Amino acid sequence: MKGSELARRMRPLLESVVTILLGLLAGALFMIVFGYNPVNAYQALFKGAFGSMSDVLETLAFATPLMLTAITFAIGVKTGLFNIGAEGQVYMGAIGATAIAGKMALPPGLHVAAATIVGMLMGVLWALPPALLKIWRGVHEVISTIMFNWIAFHLSMYIAIYYLAEPGRAERTVPAMPTARYPILMEGTSLTAVIFVVLAFCVGVYIYLWGTRAGYELRLAGENPDAARYAGVSSNRALLLSFLIGGLAAGLAGASQVIGRPPSWSLYATLGNVAGFGFDGLGVALIGRNHPIGGIFAAILFGALQHGGRYMEYHAGVCSELVRAINGLIVIALSVPEIWAIVRRRLKR
Amino acid sequence: MKTLFRLKAMKWFWPLVAVALTALIVYGIEKAGLRPISLLEAGLLAMTPLVLTAVGECINEKAGVVNVGLEGILLITAVTGVWGAEFFGNGVMGLLVGTVAGALIGLLFGLVSVYGRADQVVAGMGINLFALGLVPYLLMAIWAFPGIHLFERKLMVRPIYTFFGRLSPVTIVAVAIVILAHILLHKTVLGFRIKAVGEKPEAADVAGVRIDLLRIFTCTLGGALCGLGGAFMPLAWFGGIVKEISAGRGFIALACVVFSGLEPLLAFAAAFIFGFAEGFAYSVAVTPGVKEAIPFYVVNMIPYIITLLVVTLVIGRRRFPAASGQPYARE
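Residues numbered from 1 in each chain as written. Chains lettered and ligands numbered in written order. Predicted model: local features only at pLDDT ≥ 70, side-chain atom pairs only at ≥ 80, totals over all residues. Heavy atoms only, no water.

Caption draft 1: Representation of the overall build of chain A within the structure. Looking only at helices and strands, chain A features 14 helices and two strands. Relative to the compact-globule value of 20 Å for 349 residues, chain A shows a C-alpha radius of gyration of 21 Å, a close match. Projected onto the principal axes, the alpha-carbon positions of chain A cover approximately 70 × 60 × 35 Å. Counting only residues that meet the buried cut, chain A has 56% of its 349 residues in that class. Of the contacts formed within chain A by residues at least 6 apart in sequence, a portion of 75% connects residues at least 24 apart. When the accessible area of chain A is evaluated, it comes to approximately 14,900 Å², of which 68% is carbon and sulfur surface. The centroid of the 25 positive side-chain charges in chain A is displaced by 8 Å from the centroid of its 16 negative side-chain charges. (Helix = DSSP H or I, 4+ residues; strand = E, 2+ residues; numbered from the N terminus. Rg over C-alpha atoms; globule rule 2.2 N^0.38 Å. Buried < 20%, exposed > 50% of the residue type's maximum accessible area, 1.4 Å probe, protein only. Contact = heavy atoms within 4.5 Å. Areas by Shrake-Rupley, 256 points an atom, 1.4 Å probe, with all protein chains shown as cover. Lys, Arg positive; Asp, Glu negative; His and termini not counted. Charge placed at Lys NZ, Arg CZ, Asp CG, Glu CD.)

Right, dumping it as structure tokens:
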């Protein structure tokens, strides 16, 4: 009895691991097709990701924003939403943090906090319209969040170039002032103390969802809308909260890349240092089973793929973007419940 | 009978007003001479991939399958289309290669959603994520250049000179496909079967319709049309490829589908409006005098803002097939 209970609890983990392996295998096929050596590439990737202490810290630095964007998607799923607006909310969060950190002089301590909070609020600001459109007009969140992502893309480039650019250096915004920077944890790496804020946020979301009445109602509204309505839970309130917490998370992710990520300490005018986190977070959330704590581990895995991917690009010549393609394949595999039924049937025989 | 007629008229009234207004604006701007590049030409170019993608998705959603991976299919087929054009030394062959690649992805999506009983939104989003990584990877792996590839001008599919100005032959094909899709859905047995499978799969099953094959067919068809649209972008429009070439068009096409309530003719109307919004944005962006006053970035937001506005205003009047997004299993 106890053994089967354990097996039941471990099954999602096993499914995630098997799917990741399948994704890596498919990635190897893509390498072979274009004449790369997958063994060399994956060796380089692994060595790059975990080869030394500083590599491990670098992997964690890559994982930090993904833990947050995974929450944005996961908390949406918990309320029955498909919220893919993290991408745009990350941009806006980065803009908010840059404006405070680069343009305003504040006392140390307060400055970091202010930049972080304004970044998070900008994320919320960008999450609000799709939530209201959904509640008032029933606009599907896939369309509205994607449109807001693209508007945010052009808007934040506009703000970055017209209002926040560093004089004489057109490629990036003004850097965060030293008072607005999170301290670096180890010289030579880009992991800063912002990771503790992020981990605290993830644990906070976990406690909120599973430890409070409001969090329970939020999950109920997603899992069983009829029961929720019968119990007097306002589904609109749950939906709004889910969007807003997602916005907080994504805004923090954007801020963390400006005030918590050396060496640039600023936003690139092309948004290159914040682009893609929102969509990567979707895969991370699914691998982490839409759970804030599972998301932490999935984010570390994906951070390893990204950091190791750069090493792989350098040593094996394989474009690191392949890692993103593997992420997509993993998501497709995870969308299929029948794979697991088929696998189990085969195993039982 | 009277209420039925009114319902039908309601469905067509506002879209037709919107199209008439757009046409009037286009005519006015052309007359005023505000045109460094012809607004009509720019609009028809921008419209074409949207029409193709949206019409395919209309048929697909009629059969009860929702594919949100259109953006990804557009991206991948843009690259494969250029690859095909260079491989065969011919732009039209490139369009064909793109179409076939799109059909293959559509087929895979169909297999995954029908036999795998996948969560279609997650699977479709997986296609988008896959494309987001695969396209820059392919650009590096095939042409060894990061993020962008320009090909020889002679591989472009040449426009035809007509009364409307320069017109791509693909645009004409796209309009023909709209009409064919309308006939398919409303006048043929296959069309009725598609609708039955989307509305009441149990009944269709009892009547002997192969739901699995029909849905896989519509997915493949939708993917093929989307693939033609994807290959169109570099080969008949931009003359090159960047890793963000689709720029949200897959989702704007989804908005067209929502707008249309799954009517190919109305999807065409929506694509016309969105296409002209984009054409208008391009024309404005390069007009001397305006160029300096309004930043390029602000102009770039116009298509997305219009999409949001249209979807917000029109939604709620639309009804979608009962079995939309649901995998079918016999009891």
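Caption draft 2: Representation of the overall build of chain B. Assigned secondary structure in chain B consists of 13 helices and four strands. Within chain B, the fraction of its 331 residues that count as buried is 58%. In chain B, the proportion of contacts linking residues at least 24 apart, taken out of those at least 6 apart, comes to 78%. By element, 71% of the accessible surface of chain B is carried by carbon and sulfur atoms, the whole surface being about 14,100 Å².

Caption draft 3: Structural detail: a nonpolar patch on the surface. Taken together, Val100(B), Leu104(B), Leu107(B), Leu108(B), Leu111(B), Tyr115(B) and Leu213(B) make up a surface patch of nonpolar side chains, about 640 Å² in accessible area. Ranked by the residues each element gives to the nonpolar patch, the list is headed by helix α4 (residues 91-114) of chain B, at five residues. (Patch = residues over 30% accessible without salt bridge, like charges linked within 9 Å, V, L, I, M, F, W, Y side chains within 5 Å. Salt bridge = Lys/Arg side-chain N within 4 Å of Asp/Glu carboxyl O.)

Caption draft 4: Up close: the confidence of the model for chain B. Residue and element names in this part refer to chain B. Of all residues in chain B, 88% attain a pLDDT of 70 or more, and the chain-wide mean is 83. Per-residue pLDDT stays below 50 along residues 1-5; that stretch engages in zero contacts with residues further than four places along the chain or on separate chains. Confidence estimates for the predicted assembly give a pTM of 0.86 and an ipTM of 0.87. (pLDDT = per-residue confidence, 0-100.)

Caption draft 5: Examining the interface of chain A and chain B more closely. At the junction of the two partners, chain A supplies 44 residues and chain B supplies 43 residues. Taking both partners together, chain A and chain B bury about 3,800 Å²; carbon and sulfur atoms supply 83% of that area. For the chain A face of the interface with chain B, the top three residues by lost area are Ile143(A), Met147(A) and Trp150(A), together amounting to 16%. The interface formed by chain A and chain B includes zero salt bridges. At the junction of chain A and chain B, the tally comes to four residue pairs in polar contact (both at pLDDT 80 or more). Looking at the side of chain A that touches chain B, the elements that each hand over two or more residues are α1 (2-33), α5 (110-137), α6 (141-162), α11 (277-287), α13 (322-334) and α14 (337-348) of chain A. (Buried area = accessible area lost by both parts, 1.4 Å probe. Polar contact = N/O pair within 3.5 Å; in protein donor to acceptor, adjacent residues only side chain to side chain.)

Caption draft 6: Spotlight on the side chain of Arg261(A). All names here are of chain A. Relative to the elements of secondary structure, Arg-261 occurs in the loop between α10 (235-259) and α11. Glu-58 provides the closest opposite charge to the buried, salt-bridge-free Arg-261, at an N-O distance of 4.7 Å. A distance of 2.8 Å separates the side chain of Arg-261 from the side chain of Gln-257, its partner in a polar contact. With residues near it in sequence (within four places) discarded, Arg-261 still touches Ala-61, Phe-62, Ser-190, Thr-192 and Ser-256.

Caption draft 7: Representation of the packing of helix α7 (residues 189-199) of chain B against helix α9 (residues 211-238) of chain B within the structure. Residues and elements named next belong to chain B. The geometry of α7 relative to α9 is characterised by a closest axis approach of 10 Å and an angle of 105 degrees between their N-to-C directions. On the basis of the axis angle, α7 is roughly perpendicular to α9. Counted together, Leu-190, Arg-193, Ile-194 and Val-197 of α7 and Ile-211, Leu-214, Arg-215, Phe-217 and Thr-218 of α9 form the full contact between these two elements. Its residues assigned to classes, the contact of α7 with α9 shows six nonpolar, one polar and two charged. (Axes fitted to C-alpha atoms, helices over the stretch in contact; angles between N-to-C directions. Parallel < 35°, antiparallel > 145°, perpendicular 65-115°, else oblique. Nonpolar A, V, L, I, M, F, W, Y, C, P; charged D, E, K, R; others polar.)

Caption draft 8: Just the packing of aromatic side chains, in detail. Enumeration over the complete set of coordinates arrives at 19 aromatic pairs over all chains. For the ring pair Trp126(A) and Phe148(A), a centre distance of 5.5 Å and an interplane angle of 85 degrees mean the geometry is edge-to-face. One end of the pair, Trp126(A), is in helix α5; the other, Phe148(A), is in helix α6, with 22 residues separating them in the sequence. Here Trp126(A) and Phe148(A) have matching classes, each one buried. Considering the side-chain rings of Tyr162(A) and Tyr297(B), the 6.4 Å spacing of their centres and the 85 degrees angle between planes classify their relative orientation as edge-to-face. One end of the pair, Tyr162(A), is in helix α6; the other, Tyr297(B), is in helix α13 (residues 296-314), on a second chain. On the basis of relative accessibility, which here comes to 18%, the residue Tyr297(B) falls in the buried class. Cluster of aromatic residues (ring-pair linked, three or more members): Tyr91(A), Trp150(A), Phe153(A) and Tyr304(B). (Phe/Tyr/Trp six-rings, centres within 6.5 Å; stacked < 30°, edge-to-face > 60°.)

Caption draft 9: Structural view of unusual backbone geometry. Residue and element names in this part refer to chain A. Cis geometry is adopted by the peptide bond preceding Pro-263, which originates at Pro-262 and carries an omega value of 0 degrees. Along the polypeptide, Pro-263 turns up in the loop between α10 and α11. The phi dihedral of Arg-289 is positive, around 60 degrees, even though this residue is not glycine. Along the chain, Arg-289 falls in the loop between α11 and α12 (292-316).

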